[in-house]
Amino acid sequence: MKIKQKNREAFGEHSYWQSYSDMMAALLLIFVLIIAITLAIYKQKTTDLDQARTDLAQSQDHLSLTQKELDDALKDLEEYKAAIEKSNQELSNSLAELQQAYANAALTQDELNKAYLEIEEGKKELSIAQGELNSAQEELSSTQRELENIVGIRTDIIGALQTTFNNSSMSVDAQTGSITFSSDVLFKYNSATLSTDSQKTLKEIIPMYLDVLLQDRFREYIAEIIIEGHTDTDGGYEGNMELSYDRAHSVAKFCLNSKNGLSKEKIEQLTGLLTVNGRSCSQPVYQTDALGRPTDKVDMAASRRVEIKFRLKEDEMIEKIAEILRQNQNQ
């Protein structure tokens, strides 16, 4: 009985320490587990914290960028606001100027009606002026065509005369188509009677000249055939006038004599066109120098002459046109 009791006591003591040891081991295991869990949680929290810090840094960078953009936007907004205020001010000024312009330009109904009436009258005057301008342009075009025709006729007449006298000692003036006889050849000194030799010359030359002017091609354009006498400057004007006229008249009488080469028909035509003039000493011929330039010394022999020339019917028109052109050039 005693031995059994001791064994139970020994076993009971041993069971107590074993339970304590198991409890301590369990606690240690729990403690280690807690530490492991704690470390795992710490590590996770550390990782989360680092990630949070990273996210925070990125958020701060983004916030900084956003703040800069916001500042730029605010700056732009201020500038836009200033521009709007400036535009509003300009608009206000423009509105004020416009109102002032309307006030200054305002017309009463009577003034406006008067202005409309003046405009209508101006339109009528402009229409009339336009019509006159069109008429003037048509007239100018017509005159230009006539002038071109006249110039062509004069050129044709002078060309025909030059061809006719090509083999003659008589020369035709290239500008006027006139022919000139020396008075010393036709007349004796201070005489108006044609010499015998001069009559032969005239009988040869005069028909040649007048046949050209009185042919059907040119006759309708001829307004006048002129025989003009000239003297030198020796003597008085009145005496020279009488002498120059008498000499021109003698040549005219010779031309109108049917015995001197012209047909009766040509004489009748010449009678309606012929004019006889005496110029005295009013248009002397001057001597020229070695270069052909005129001097102030009168060529007495050349001044004593009788000229035969013609005038076209449209010469007055040419003079009028020339005057208009001169006026236009001076304006």
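All of the points below concern the structure found in this document. (Residues numbered from 1 in each chain as written. Predicted model: local features only at pLDDT ≥ 70, side-chain atom pairs only at ≥ 80, totals over all residues. Heavy atoms only, no water.)

1. So, the nonpolar core
Now for step 1: Within the largest apolar cluster, 41 residues are counted, with the highest numbers of intra-cluster contacts made by Ile225 and Val251.
Now for step 2: Where this core is concerned, the elements lending two or more residues are helix H2 (109-164), strand S1 (179-182), helix H4 (196-213), strand S2 (222-230), helix H5 (237-255), helix H6 (264-273), strand S3 (274-278) and strand S6 (305-312).
Now for step 3: Per-element accounting of this core gives the leading share, seven residues, to H4.
Now for step 4: Dropping the residues within four chain positions of it, Val251 is found in contact with Leu186, Phe187, Leu194, Leu202, Ile227, Val306 and Ile308. (Core = buried A, V, L, I, M, F, W, Y, C linked by side-chain atoms within 4.5 Å. Buried < 20%, exposed > 50% of the residue type's maximum accessible area, 1.4 Å probe, protein only. Helix = DSSP H or I, 4+ residues; strand = E, 2+ residues; numbered from the N terminus. Contact = heavy atoms within 4.5 Å.)

2. Notes on a nonpolar patch on the surface
Now for step 1: A grouping of Tyr20, Met23, Met24, Leu27, Ile30 and Ile34 is seen on the molecular surface, where their side chains present a nonpolar patch of about 550 Å² in accessible area.
Now for step 2: The topology assignment puts Met24 in helix H1 (residues 2-105). (Patch = residues over 30% accessible without salt bridge, like charges linked within 9 Å, V, L, I, M, F, W, Y side chains within 5 Å. Areas by Shrake-Rupley, 256 points an atom, 1.4 Å probe, with all protein chains shown as cover. Salt bridge = Lys/Arg side-chain N within 4 Å of Asp/Glu carboxyl O.)

3. What about unusual backbone geometry?
Now for step 1: Backbone geometry places Asn190, a non-glycine residue, at a positive phi of 60°.
Now for step 2: Among the structural elements, Asn190 can be located in the loop between helix H3 (183-186) and H4.
Now for step 3: With relative accessibility at 57%, the residue Asn190 sits in the exposed group.
Now for step 4: In this structure, Ser280 takes a positive phi of about 55° despite not being glycine.
Now for step 5: Accessibility expressed as a relative area gives 0% for Ser280, which makes it buried.

4. Examining the sheet that holds S3
Now for step 1: Strand order across the open sheet formed by four strands is S1-S6-S2-S3, with mixed pairing between neighbours. Bordering the open sheet on either side are S1 and S3, each of which pairs with just one other strand. Across this sheet, the average inter-strand angle for adjacent strands is 20°, counted without regard to direction.
Now for step 2: Examined bridge by bridge, S2 and S3 share five bridges and lie parallel to one another. Bridge assignment links Ile226 to a residue of S3, and that residue is Thr275.
Now for step 3: Running at roughly 165° to S1, H4 makes contact with S1, S2 and S6 of the sheet. (Pairing = 2+ DSSP bridges. Axes fitted to C-alpha atoms, helices over the stretch in contact; angles between N-to-C directions.)

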